[in-house]
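One-letter residues, chain by chain:
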Amino acid sequence: MGKHRIGEHTIAFPNRPRILSSAAVVGPKEGRGPLSTAFDFVLEDALYGQKSYEQAEHAIFQEACERCLKKANVPKERVQALLGGDLLNQIMAASLAARELSVPFLGLYGACSTMAESLILGSMLVDGGYASPVLCAAGSHYCTAERQYRFPLEYGNQRTMAAQWTVTGTGACLLGDEGNYLARTEMATVGQVVDMGIRDANNMGACMAPAAADTLKRHFLDTGRKPKDYDQIITGDLGRVGSEILTELMEESGFPLRESQYMDCGLCVFDPKDDVHAGASGCGCSASVLSAMILPRLHTGEWKRVLFMATGALLSPTTSQQGETIPGVAHAVVLEGGDEA
Amino acid sequence: MQQKADHNQARERYMELVKRLTPKSKLGQGCLRAFWVGGGICMLGQAIADAGHRWLGLASADASAFASITLIFLTALLTGIGVFDKIARYAGAGTVVPITGFANAMVSPAMEFKPEGWVLGTGARLFTIAGPVLVYGISASVIVGILYYFIRW
Amino acid sequence: MTYLKVFLTGGLLCVIGEALILKTKLTPARILVLYITAGVILSAAGLYGPIVRFGAAGATVPLTGFGHLLAQGTISAVQEKGLLGAFTGGMQAAAGGIAAAVFFGFLTAVCFKPRPKDT
């Protein structure tokens, strides 16, 4: 058993790696949402002057990384690792951004849980003294996700009530071991893949909620903490349906979320007036909300300690068409308030 | 064995929870919208066929083909300017079931996969959604033809 | 009066499709396949002809009508040319629709770019 482990699935970061800066770059629809002014940059057009939406996704990813570095005043030559991923096949947006940034790159795929995955691994690298600073990023694009997982953009299709809308955007964080910081990572719980047999790719929330409940329960058992020990428990992109399911599952498991404050990033990206049904999804959802809302509130001391848990539906169109069920995964990171806190 | 039974039971319980908490689409509203839009598209088709018959002197079968081609053209145009999917989002099967649904299923991937090139993008992907329609429609008609040749009902 | 029949027939065929989409797991792509195949079979069995006589474009514009066209084309070609007609008749009858969809699909791809919908 590793010496920094607490319980079966949770690890502690004794040196509390610091989140030095963060940035979020999002599309126009996200820019009209409630977090509008909190994003670092809102695109006027989802194509972002590129030839294809895949190229746009890559450019957005790169833009977020560059803005994040600029805010921490760290030149890219000093970055010792980029940990990141997206939803494209072969995580091409992150890979192409890494090509342009020319930094050591470890590509990640955790579907929409990628931001938490990168924060956990980044914190390990920093805490263990293997690399600092480390750039962690995750992004997605509505237009590339639609064509890869669903239908062409101009195809006339009715969305079901449980369907979610993929966020166009990337969130990036710079982790380091010294200097001013927004927040620190205290511990993390790495989730296991949970599959309760859902096949409906239009109900991602239901695919991911059991994994979220599993990771939360393990976190509380491993750490001996209770929901009330957190000012806010935040899930990535369960959406309206998924977060209602999670609330019920946690009620059954003996760690009711109502003892704390609970929110889902999927419900704070889009304007409720926009017809997005069950909310937002995608790697960029939790990543951009982390940068635009969670870290600033930790920095100002509004929140002292939060549990940030990004959730992913491990879906592939190929296995889905072959009748395979959709497994979910969720990773949780404990974030503590920044300088002033 | 017991473990597997427990697992299946847990899955079934979860399915029920999901079913209870997932909002349902409105059947009545959906059917009403499909009815008037779908019926409307068919009336437009009839009007085009009648016009073809009256002013172009087309025979009945040709007038019907003329109506189909015109509807397909209109669908292609509306898809191109980004309006068709909005209508379809409202009308559901009202635009899917008429020939407009078939046309949109051809036009939209042709546009979507343009960045992958004219041959392997637009050319090949044109049939991704509507291809099965041709495969099953044509195969069924060939089977009907062969049967008819031998049985002649 | 004709137009009322057209409206009712076409509308009803669409309502059946909508109910299938909402009540079963059938995706729109499967509905298209189902409708064209059902059209071929119903037409061959002689059941779709009366619907066309009643509903006119209300029965020919929906995809079942496309199936009807394929089946009737095949049957009359078999009557004329024998077995060869089983292969040529359907496509000949449906050629206009298929060629139009392919050509206008291509033309649209030449002229337009897909856009995300922001509303």
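Model, not experiment: these values are computed from the prediction.

(A) Main features of the interface of chain A and chain C. With 17 residues of chain A at the contact, the number on the chain C side is 11 residues. Here chain A is connected to chain C by 1 salt bridge. Our enumeration of links across chain A and chain C arrives at 3 residue pairs in polar contact (both at pLDDT 80 or more). Where the side of chain A that touches chain C is concerned, the elements lending two or more residues are helix H1 (28-31) and helix H5 (142-149) of chain A. Residues belonging to the side of chain A that touches chain C are distributed by class as follows: 9 nonpolar, 2 polar and 6 charged.

(B) Region of the structure containing a nonpolar patch on the surface. Taken together, the side chains of Ile143(B), Ile146(B), Leu147(B), Tyr149(B), Phe150(B), Ile151(B), Trp153(B), Leu83(C) and Phe87(C) make up a nonpolar region of the molecular surface, amounting to roughly 920 Å² of accessible area. The element contributing the most residues to the nonpolar patch is helix H8 (residues 131-151) of chain B, with 6 residues. Assignment of secondary structure puts Leu83(C) in the loop between helix H5 (63-81) and helix H6 (84-111). Given the relative accessible area of 34%, Leu83(C) is considered partly exposed.

(C) How the structure looks around unusual backbone geometry. The omega torsion of the bond from Ser132(A) to Pro133(A) falls at -5°, within 30 degrees of zero and hence cis. Of note in the backbone geometry, Arg16(A) takes a positive phi value of approximately 45° without being a glycine. As for its position among the elements, Arg16(A) is in the loop between strand S2 (10-12) and strand S3 (18-26). For Arg152(B), which is not glycine, the phi torsion reads 50° and is therefore positive.

(D) Focus on the interface of chain B and chain C. Between chain B and chain C, the contact holds 68 residues from the first and 63 residues from the second. A combined buried area of about 5,500 Å² lies between chain B and chain C, and 82% of that area is made up of carbon and sulfur atoms. Summed over the shared surface of chain B and chain C, the result is 0 salt bridges. Our enumeration of links across chain B and chain C arrives at 11 residue pairs in polar contact (both at pLDDT 80 or more). Secondary structure elements with two or more residues in the side of chain B that touches chain C: helix H2 (27-55), helix H3 (60-80), helix H4 (84-91), helix H5 (93-96), helix H6 (99-112), helix H7 (118-125) and H8 of chain B.

(E) Quick peek at the nonpolar core. Among the nonpolar cores identified, the biggest contains 98 residues, and Ile245(A), Ile294(A), Phe308(A), Leu335(A) and Tyr14(B) are the most heavily contacted of them. Both of domain 1 (5-176) and domain 2 (184-336) of chain A provide at least three residues apiece to this core. Those residues in contact with Ile245(A) that lie beyond four places of it in its chain are Ala206(A), Ala209(A), Tyr14(B), Leu17(B), Val18(B) and Leu21(B). In terms of nonpolar packing, the next biggest core, distinct from the first, is built from 62 residues, Ala63(B), Phe66(C), Ala101(C) and Phe104(C) among them.

Definitions and limits used
- Residues numbered from 1 in each chain as written.
- Chains lettered and ligands numbered in written order.
- Predicted model: local features only at pLDDT ≥ 70, side-chain atom pairs only at ≥ 80, totals over all residues.
- Heavy atoms only, no water.
- Contact = heavy atoms within 4.5 Å.
- Salt bridge = Lys/Arg side-chain N within 4 Å of Asp/Glu carboxyl O.
- Polar contact = N/O pair within 3.5 Å; in protein donor to acceptor, adjacent residues only side chain to side chain.
- Helix = DSSP H or I, 4+ residues; strand = E, 2+ residues; numbered from the N terminus.
- Nonpolar A, V, L, I, M, F, W, Y, C, P; charged D, E, K, R; others polar.
- Patch = residues over 30% accessible without salt bridge, like charges linked within 9 Å, V, L, I, M, F, W, Y side chains within 5 Å.
- Areas by Shrake-Rupley, 256 points an atom, 1.4 Å probe, with all protein chains shown as cover.
- Buried < 20%, exposed > 50% of the residue type's maximum accessible area, 1.4 Å probe, protein only.
- Buried area = accessible area lost by both parts, 1.4 Å probe.
- Core = buried A, V, L, I, M, F, W, Y, C linked by side-chain atoms within 4.5 Å.
- Domains from an automatic or database assignment.

That's the geometry; what it means functionally is another story.
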